Each structure stands twice: as structure tokens, then as C-alpha cells.
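Single-letter residue listing:
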Amino acid sequence: MLERDLTGALGRTVAIGNLSLSIFTDSVSVDSFSVADDPAFSAAPFLTAQRLSAGVALLPLIFSKRLDITSLTITDPRITLLRAASGRWNYSSLGAASNAGAATPSGSTAANNFSVGKLRLVDGAITVGEAGNRRTRQYSSVQMEAGNVSYASSFPLQLSAATPGGGSVRMDGKVGPIAAADASLTPFDLTLHVKNFNLASTGFLDPSTGIGGVLAFDGTLASDGRQATSRGQVQVEKVRL
């Protein structure tokens, strides 16, 4: 049921290892966890983790055989973000297959029905690269917490990470609703704090732009899904445009 519900919500094949159920903590623990990538990008997984803990409501599970997920904690996740030459990212299609699938009698899809009270990533790592190119950038010590996560509405999010070159980034605000057709077009409104951020080694900027420098920023960053705007104080050293 857990595999089915997560696969339906993400529109990607989800594989889980051995399960253990704790009656006292109302939780299910999984000793391995993976989410497939968009096949147009890679045959390797999009996300792998050594441990997944899911809080579940036991009464609906016992009496109605219904799985209500109250929380998800993914420990030591490894996420790979890839950009195609067209500029499209491999995370863009997350949930898209589910949203395009058959609707339930109420008219909703698997993604629209999916919600989690609390989602956490603990001690994660994000690899950023280009499809077909072995050169990658690594973001470590990734910590994320989001509440009331769903495709139908915005939700609060906190995220921090160590950036390539010894910098750091921390963001706090609201994200969503998640764009059904392209997750990369999801709106957000965030407070952003960046220190010692090397622009040339982000992995998010096309190297052909020639943009470089070390950036510090304190302010806000918001997007309606198509255009992003920022307000705050920025300091850049060793600028190259």
C-alpha cells in the first residue's frame, strides 16, 4: 500500500525494502527506499535512502484497510538533479503522470488525494549536473522540513544545505501549489540567506553564461512559476559577467 500510494502521488516507480510496524509509535520503518528517475534523463534512481519512517494512522489501517500517512522522514537521502540541454529538469515531471492519469469517482487524481502532515529530509545530499555529462556539483548536509504537504495547496517549508565551495544556503517560507504539468514552475515565497556561494559551481547555471563570483544574500525570493523577483541585500566578490 505504501509503495502504491507513493508511486501514484509521484508518478514514478517507488521501491521499498523490508518493513517493520511499531504499534507503540504508530509508525512504519523501511530499511531501503528509492524513487525512479524520469526515463528521459537516467535509468539510475532519482532518490535513494537507507531509511524511511512513515507515521500512519492505525485505526483506519486496521478497520478500513486504508493507509493514512501522517508523516514521512527520509534519512540520509541521495537526490540527483539533472538538467537537459533544453533547460528542462528531471524533477519537472514529478507528479505529472499521476495528475494526467485516470481520476477517481470524485474527479480527483492520485496526486490530488496525496497529503502528508510532516515531511522531513535528514542529513541528505543533492547532486546537480547535466544529462549526459559526468561533471556534477554536490550539496551536502541537506535538512528539510515541510508541513501539510499536498499538490492542492501551498505549504510551509524550511531547507538548509552546504553549497559547493564551502558556502551555505538557508530558506524559509511557502511553496506551492505544486504545478501539475511541470513541477519546476511551482510558485514560492521564501526568505533566503546565502553565504559564500560560488556562482560558477552551483550546477544550476549554464556554464556558457560566463557568470561567476562569490555571493552573499539576505532577503526574499518569490516566484509566480514563470518569473522570479528578489528583494534584499547582496554582496558579490570576484564578479564575472
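Since this is a predicted model, take the numbers as computed values, not measurements.

Participant: Explain the packing of aromatic side chains to me, please; I cannot follow it from the model alone.
Facilitator: Enumeration over the complete set of coordinates arrives at 1 aromatic pair. In this structure, R12 packs its charged tip against the face of F46, placed 5.4 Å from the ring centre.

Participant: So what exactly am I meant to see when it comes to the pattern of salt bridges here?
Facilitator: Within the structure shown, the criterion is met by 7 salt bridges. In this structure, R4 and D5 form a salt bridge, with 3.2 Å as the shortest nitrogen-oxygen distance. Under the relative-accessibility criterion, R4 is labelled exposed at 55%. One salt bridge in this structure joins R78 and D76, with 2.8 Å as the shortest N-O distance. R78 gets classed as partly exposed once you look at its relative accessible area, which sits at 38%. What makes D76 partly exposed here is its relative accessible area of 28%. Linked through salt bridges whose partners overlap, the residues forming this network are K118, R120 and E145.

Criteria and thresholds
Residues numbered from 1 in each chain as written. Predicted model: local features only at pLDDT ≥ 70, side-chain atom pairs only at ≥ 80, totals over all residues. Heavy atoms only, no water. Phe/Tyr/Trp six-rings, centres within 6.5 Å; stacked < 30°, edge-to-face > 60°. Lys NZ or Arg CZ within 6 Å of the ring centre and 35° of its normal. Salt bridge = Lys/Arg side-chain N within 4 Å of Asp/Glu carboxyl O. Buried < 20%, exposed > 50% of the residue type's maximum accessible area, 1.4 Å probe, protein only.

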